[in-house]
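Fold and contact review
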Amino acid sequence: MIAIKSLTKKFGNKFLFENYTESFQEGELIIIKGKSGSGKSTLLSLIAGLTKPTSGEIVVDSQQISKLPEHFCSAFRRDNIGIIFQKYNLIESLSVRENILLPLVPLGLQESLMQEQAKKVMQQFEIEHKADELVKKLSGGEQQRVAIARAHVADPKIILADEPTANLDEKLVLSFINILRKMKSQNKTIIVATHDSRFFNLDFVDRIVDFDS
Amino acid sequence: MNLQLLSYVLRYLERGYVKNLSLFIVLTLLTTLLAAAFFITDSMRFELQKIVDETPDIIVQKTRGGMRTTLDESLVNEMLEIPGIASAKGRIWGYYYFQKADVYFSLVGVDIYEQEHRNAIISLLQKSELEVGTMYVGEGVKRVLAENYYEDYFNFITPNLEKKRVYIAGVFTSATNLESNEMIVMQKEQLREIFGFQENEVTDIVIDVANPSELPTIALKLTQNYPNFNIVTKEDVSLSYAALFNYKNGIFLALFIIAFFTYFIIVYEKLSGLSSADKREIAILKALGWRVEDILHAKLYEALIISFGAYILGIFIAFGYVYIADAPLLKEVFLGHSGLKPEFELLLVFDMQTLFMLFIFIVPVYVLATLIPAWRIAITEVEEVMR
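Bear in mind that the values here come from a model prediction, so they are computed numbers and not experimental data. What you see as residue numbers is a count from 1 along each chain, following the sequence as written. As a convention, the first chain written is A and the first ligand written is 1, with the rest following in written order. Only residues with pLDDT of at least 70 are given local features in this predicted model, and only at 80 or more are side-chain atom pairs given and counted; all residues enter the totals for whole chains, interfaces and linings. By convention in this description, side-chain values take in all heavy atoms of the structure and omit both hydrogens and water.

Now for the overall build of chain A. Each helix is a run of DSSP H or I of at least 4 residues and each strand a run of E of at least 2, with the numbering of both proceeding from the N terminus. When you go through chain A residue by residue, the secondary structure sums to six helices and nine strands. For 213 residues, the compact-globule estimate of 2.2 N^0.38 gives 17 Å, and chain A sits close to it at 17 Å. For chain A, the spread of C-alpha atoms along the three principal axes comes to 45 × 40 × 30 Å. Between buried and exposed lies partly exposed: a residue is buried under 20% and exposed over 50% of the maximum accessible area for its type, with that area taken using a 1.4 Å probe on protein chains only. Counting the 213 residues in chain A, one finds 56% classified as buried. Note on contacts: a residue pair is in contact if any heavy atoms of the two residues lie within 4.5 Å. Taking contacts inside chain A between residues at least 6 apart in sequence as the whole, the part at least 24 apart equals 68%. The Shrake-Rupley method, run with a 1.4 Å probe sphere, supplies the accessible areas, and residue values consider only the shown protein chains as cover. Surface summary for chain A: the accessible area is close to 9100 Å², and the carbon and sulfur share equals 46%. Restricting the calculation to C-alpha atoms gives the radius of gyration, and the globule rule supplies 2.2 Å times the number of residues raised to the power 0.38.

A few words on the packing of helix α2 (residues 17-54) of chain B against helix α13 (residues 352-378) of chain B. When two helices pack together, their arrangement is given by the angle between the helix axes and the distance between those axes. Residue and element names in this part refer to chain B. Contact pair α2 / α13: the axes reach a minimum separation of 10 Å and the direction vectors enclose 160°. If you check the angle between α2 and α13, you find them roughly antiparallel. In the crossing of α2 with α13, the sense of the turn from one axis to the other is right-handed. Counted together, L23, L27, T31, L34, A35, F38, F39 and D42 of α2 and T354, L355, M357, L358, F361, I362 and Y366 of α13 form the full contact between these two elements. Amino acids are sorted into nonpolar (Ala, Val, Leu, Ile, Met, Phe, Trp, Tyr, Cys and Pro), charged (Asp, Glu, Lys and Arg) and polar (every other residue, Gly among them). Residue composition of the contact of α2 with α13, grouped by class: twelve nonpolar, two polar and one charged. Helix axes are fitted to C-alpha atoms over the stretch in contact, other axes to C-alpha atoms as well, and angles between N-to-C directions run from 0 to 180 degrees. When an angle is under 35 degrees it counts as roughly parallel; over 145 it counts as roughly antiparallel; between 65 and 115 it counts as roughly perpendicular; any other value is oblique. Each crossing gets its hand from how the near helix is turned against the far one by less than a right angle, where anticlockwise is left-handed and clockwise is right-handed.

Residue and element names in this part refer to chain A. When DSSP locates at least two bridges between a pair of strands, those strands are taken to pair. What the four strands build is an open sheet, ordered β2-β1-β4-β5; its pairing is antiparallel. For this open sheet the edge positions go to β2 (14-24) and β5 (63-64), each flanked by a neighbour on one side alone. In this sheet, strand β4 (residues 55-60) lies alongside strand β1 (residues 2-11) in antiparallel orientation, the contact comprising five bridges. Note that in β4 the partner of K5 across the bridge is E57.

Geometry only, nothing functional implied.
Next comes the structure, spelled out in structure tokens:
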């Protein structure tokens, strides 16, 4: 599903990855663990095509995303990848529903179809009761659920989550773990970059990739 | 058209309504100001051109001590002997100062058998006869007289301080409002009495030439034959109006420069880059799968809603301001001599070229100033923008 071949990524003179090779299978739940600055987030960005590698290949679902022109890369991301950012990256002046609908806007779908899709994910991630509230008025946990719902709204095959529990308390972390279990049951390929040790012993995690070693 | 994208853009504009509404208002005011100035100048240009078109080929005037004076009408026969002159006629006209209203009226003496007068007067005279003791007045004159309780007649004061009562036979309008509005038309003999002219005295002599290409030659002959006379050709009249209009254009230029600099500041501010919140929003949208063209489409809608909306609204306001409200303030700036002429209404002249020029100035420039910074951010790596 995702193949990383001889990946090199440099920032200035510093190598973050040098000839790194890895692969992730369809339906796998992978935890990437590592300290801050170890390259976890950058790997997710590279897989999502948000940044380009210095050299090497990243093949996602037989598309060489690292070499795709920007135009196709965005379209590929829209159709295949849902991202949950560390700081959620929601547009605070928009409502929950409007934030969730954002990935569908360029598709030019019918309003009713879009609303139906948004309703489905809002119900799934238990945020429907806040649908018309502005995101800036929500708690951290609620904002996280909006970000998760938004990542799911276009029904992507791959979910990338970057430090999803970094700013959450114990209760909300457990809630996210439950959501993760639900996502896994939908046979999505999920890659979570985190240094939160609570993820390392989960029975439904397929593999842990340790960037510290 | 992607209605969801349009809906997102409307929501975006609503979210930043203070900034966007301010921009919309400023652009609307700029369009209104420029369009109103264009409408007034177009209207003036049209009226002045009409006047020039109706001007005789040559006007012969006499000066004494640098001041205009009357001529002897017998000169007409002398002039008719010059080859190339098709017709020559003495005219009686002048200004009458109505002290009470502090305005000047243009008085024109006509002979119903003569055809050298303006079309408006000719058509007027064809409708009814103008008897001695009566006059036709322009709408502006009628209004000024009525304001001063002269509903049916007016008492002119002659140079010998005698009162001459002349009854209003009718009110006329014409395509050229600028001149006819302040005009009074009456029989020549009547006007001679009011001005205190002798029987053979005329204000000037108007000449029409058979072949327009010979006009300079005939004008030269007249200058040689009558060195003490002022020979004014149609071209001279046109040039003097052009000079007057250039002065008006100076006012317009000042307005245009002010509007241009205001607009330049808006465009410069937009071109100098997006706010950090806008940059972040573009990066988020890209991360969510929006393509560069989706972002540019959204920005295009945004720019068009503001600039085209402001343009259309500005044109409508200017139209109403100039042609319905008669351009208060701006009209004074452009016409300036309200003491000399009674008020006149601006004639509707709709020049598509003017509107197109204004459109080019307002809409595409604003659209580009919106698209360029958005495009710069949209083609930058999302990671870089978010960092």
